[in-house]
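Close look at the chain arrangement
Residues per chain, in single letters:
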Amino acid sequence: MKWLRFRIKTITEAEDIIISTLYDIGLEGAQIEDKVPLTALEKEQMFVDILPETQEDDGIAYLNFFVENLDAKDEILQNIKDELDSLRDFNIEIGEGTVTVDETEDIDWINNWKQYFHQFMIDDVLITPSWEEVPEGYDGEYVLHIDPGTAFGTGAHETTKLCIRAIRKYMTQGANILDVGTGSGILAILALMFGAGHAVGTDLDPCSVEAVADNMERNNIKPEDFEMMIGNIITEKEVQDKVGYGCYDIVVANILADVLVPLTPVIVNQMKPGAVYITSGIIEGKETIVCEAVEKAGLKVLSVEELGEWRTVVARKEA
């Protein structure tokens, strides 16, 4: 089947109003292309941990609308132009506001996002999506095969880099690790590769179960080595009980500072004496409140690491 694609060049500030306006004339499901960084909330809601770097935001956006009716090309094009002109008449800035039309074959809505995600390195770890081959002759020790799934988005991956480095620094052979907000399981899977004996992951999103299972299989992780649980460990005692008390050598939580604050006094109960607590997803300026929460829970801050605008706070539970 062929589709018509109507592509509008505009500015990021006008995305919502144009989408809303064109919705009224029957155009739905806009595909947005821009370079706007993800918000903290968007990152929290995604279950992908590792995201490739993007270009600097230039304020330009493209809105793509797909229509099956090829015979309606001229009519729809004129309607779009009329609606854009009406926005200009109300002194609404929409940038260039040009419209191009082309035909495209069957659209693979599930897989066409894959063109934006390619393998890359985090120190000596090769991160490669399932649809790309490991480079011939690559002799690195660690290769992580992942498939982000359709929840994949673009953004920075500094928080995950910081977590990986901290996990490697404090890893001991056979360690038990708890990954709070595990998402697609990347940190826990890498911890097992680095020498952990057993991993437990918790997440709020049920989609995480399938994502973790798929990535475990891709990386030859045994089912008994990684246990996945869905629920809110901060508020649900049933989850806390299932996770267990005083049994983890490392707890990692790559979430957000505002979530880490209430999490910390709870999660300290899951840690062994001497266990290490690795927290990330902390935007610059919020590390202070995380450090305060950590110290209030009786933990000792070991370090505050930074990469770009992100921070990682590492602490230890005293023996």
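Each remark here, short or long, concerns the structure printed above.
Only a predicted model underlies this, so the values are computations on that prediction, with no experimental measurement involved. All residue numbers here refer to positions counted from 1 along the written sequence of the relevant chain. Thresholds applied to this predicted model are a pLDDT of at least 70 for local features of residues and 80 or more for the giving and counting of side-chain atom pairs; totals over whole chains, interfaces and linings are not thresholded and use all residues. To obtain the side-chain values, all non-hydrogen atoms of the structure were used and water was disregarded.

Each patch is built from residues that are more than 30% exposed by relative accessible area and take part in no salt bridge. Like charges join if they lie within 9 Å; nonpolar side chains (Val, Leu, Ile, Met, Phe, Trp, Tyr) join within 5 Å. Areas reported as accessible are Shrake-Rupley estimates using a 1.4 Å probe. Residue values count occlusion only from the protein chains shown. Think of a salt bridge as a Lys or Arg side-chain nitrogen and an Asp or Glu carboxyl oxygen that are within 4 Å of each other. All tallies of charge rest on Lys and Arg as positive and Asp and Glu as negative; His and the ends of each chain are not included. Where a charge sits is defined by one atom per residue type, namely NZ (Lys), CZ (Arg), CG (Asp) or CD (Glu). On the surface, Glu 13, Glu 56, Asp 57 and Glu 93 cluster together to form a negatively charged patch. Among the structural elements, Glu 93 can be located in the loop between α3 (73–89) and β4 (98–104). Runs of H or I in DSSP of at least four residues are treated as helices and runs of E of at least two as strands, each being numbered from the N terminus.

Our focus in this paragraph is the nonpolar core. Throughout this description, the term nonpolar core refers to a set of buried Ala, Val, Leu, Ile, Met, Phe, Trp, Tyr and Cys residues connected via side-chain atoms within 4.5 Å. Residue burial is assigned from relative accessible area. The probe radius is 1.4 Å, only protein chains are included, and a residue is buried under 20% of its type maximum, exposed over 50%, and partly exposed in between. Residues Leu 144, Ile 167, Met 171, Ile 177, Phe 194, Phe 226 and Ile 278 are the most contacted members of the largest nonpolar core, which totals 35 residues. Counting residues per element, this core draws most heavily on helix α5 (residues 186–194), which supplies eight residues. Counting 26 residues, the second largest nonpolar core, distinct from the first, contains Tyr 248, Ile 267, Tyr 277 and Leu 299.

Our focus in this paragraph is the pattern of salt bridges. Applying the stated criterion across every chain yields a total of 14 salt bridges. Here Asp 85 ties to Arg 88 by a salt bridge, and the two come within 2.9 Å at their closest N and O atoms. Remark: Arg 88 and Asp 85 occur in helix α3; sequence separation between them is three residues, near one turn of the helix. The exposure class assigned to Asp 85 is partly exposed, which follows from its relative accessible area of 36%. A salt bridge links Arg 165 to Asp 123; the nearest nitrogen and oxygen atoms lie 2.8 Å apart.

Before going further, it helps to spend a moment on the packing of helix α1 (residues 15–23) against α3. A pair of packed helices is characterised by two quantities: the angle between their axes and the separation of those axes. Helix axes use the C-alpha atoms of the stretch in contact, all axes being lines fitted to C-alpha atoms, and the angles between their N-to-C directions lie in the range 0 to 180 degrees. Where α1 meets α3, the axes come as close as 10 Å, and the angle between the chain directions of the two elements is 130°. By the angle class used here, α1 and α3 are oblique. Crossing of α1 over α3 shows right-handed handedness. Contact residues: α1 offers Ile 17, Ile 18, Thr 21 and Leu 22, while α3 offers Ile 80, Glu 83, Leu 84 and Leu 87. Tallied by class, the residues present in the contact of α1 with α3 amount to six nonpolar, one polar and one charged. Put simply, angles under 35 degrees are roughly parallel, angles over 145 are roughly antiparallel, angles from 65 to 115 are roughly perpendicular, and the rest are oblique. Helix crossings get a hand from a simple test, with the near helix turned counterclockwise from the far one by less than a right angle marking a left-handed crossing and a clockwise turn marking a right-handed one. Contacts between residues were defined by any pair of non-hydrogen atoms, one from each residue, lying within 4.5 Å. Basically, the charged four are Asp, Glu, Lys and Arg, the nonpolar ten are Ala, Val, Leu, Ile, Met, Phe, Trp, Tyr, Cys and Pro, and anything else, Gly included, counts as polar.

Classification of ring pairs uses Phe, Tyr and Trp, with its six-membered ring standing for Trp, and accepts pairs whose centres are within 6.5 Å; under 30 degrees between planes counts as stacked, over 60 as edge-to-face, and the remaining range as tilted. Within the structure shown, the criterion is met by one aromatic pair. On the basis of an interplanar angle of 85° and a centroid distance of 4.9 Å, the ring pair of Tyr 142 and Phe 194 is categorised as edge-to-face. One end of the pair, Tyr 142, is in strand β7 (residues 142–146); the other, Phe 194, is in helix α5, and 52 residues separate them in sequence. Comparing Tyr 142 with Phe 194, the two get one shared label, buried. Here the guanidinium or amino end of Arg 168 rests over the ring plane of Phe 194, the centre of that ring lying 4.8 Å away. Note on criteria: charge over ring means Lys NZ or Arg CZ within 6 Å of the ring centre, with the direction from the centre no more than 35 degrees off the ring normal.

Now for the sheet that holds strand β10 (residues 226–230). For two strands to count as paired, DSSP must find a minimum of two bridges between them. An order of β10-β9-β8-β11-β12-β14-β13 is seen for the seven strands of this open sheet, with the pairing classed as mixed. Unpaired on one side and paired on the other, β10 and β13 (299–307) mark the two borders of the sheet. Within the sheet, the average angular offset between the axes of one strand and its neighbour, ignoring direction, is 15°. Alignment of strand β11 (residues 248–254) against strand β12 (residues 271–283), held across six bridges, turns out to be parallel. When the sheet's bridge partners are listed, Val 252 is paired in β12 with Ile 278. Here helix α9 (residues 287–296) sits on the sheet in contact with β12, β13 and β14 (310–317), set at roughly 160° to β13.

What follows covers α1. Those residues of α1 lying buried are Glu 15, Ile 18, Thr 21 and Leu 22. Along the axis of α1, the buried positions cluster into a sector of 140°, meaning they face one direction only. Packing partners of the buried residues in α1 comprise β1 (3–11), β2 (31–33), β3 (60–67) and α3. Throughout, the arc means that of the directions going from the helix axis to the C-beta atoms.

What follows covers the environment of Glu 96. With respect to the helices and strands, Glu 96 occurs in the loop between α3 and β4. A relative accessible area of 46% means that Glu 96 is categorised as partly exposed. Put simply, Glu 96 and Ile 11 are 85 residues apart on the chain and 7.9 Å apart in space, counted from C-alpha to C-alpha. The contact partners of Glu 96, leaving out residues within four places of it in the chain, are Lys 9 and Arg 88. A polar side-chain atom of Glu 96 sits 3.1 Å from a polar atom in the side chain of Thr 98. Pairs of N or O atoms within 3.5 Å make up the polar contacts considered here, provided that, within protein, one atom can donate a hydrogen while the other can accept it, and that residues adjacent in sequence are counted only when both atoms are side-chain atoms.

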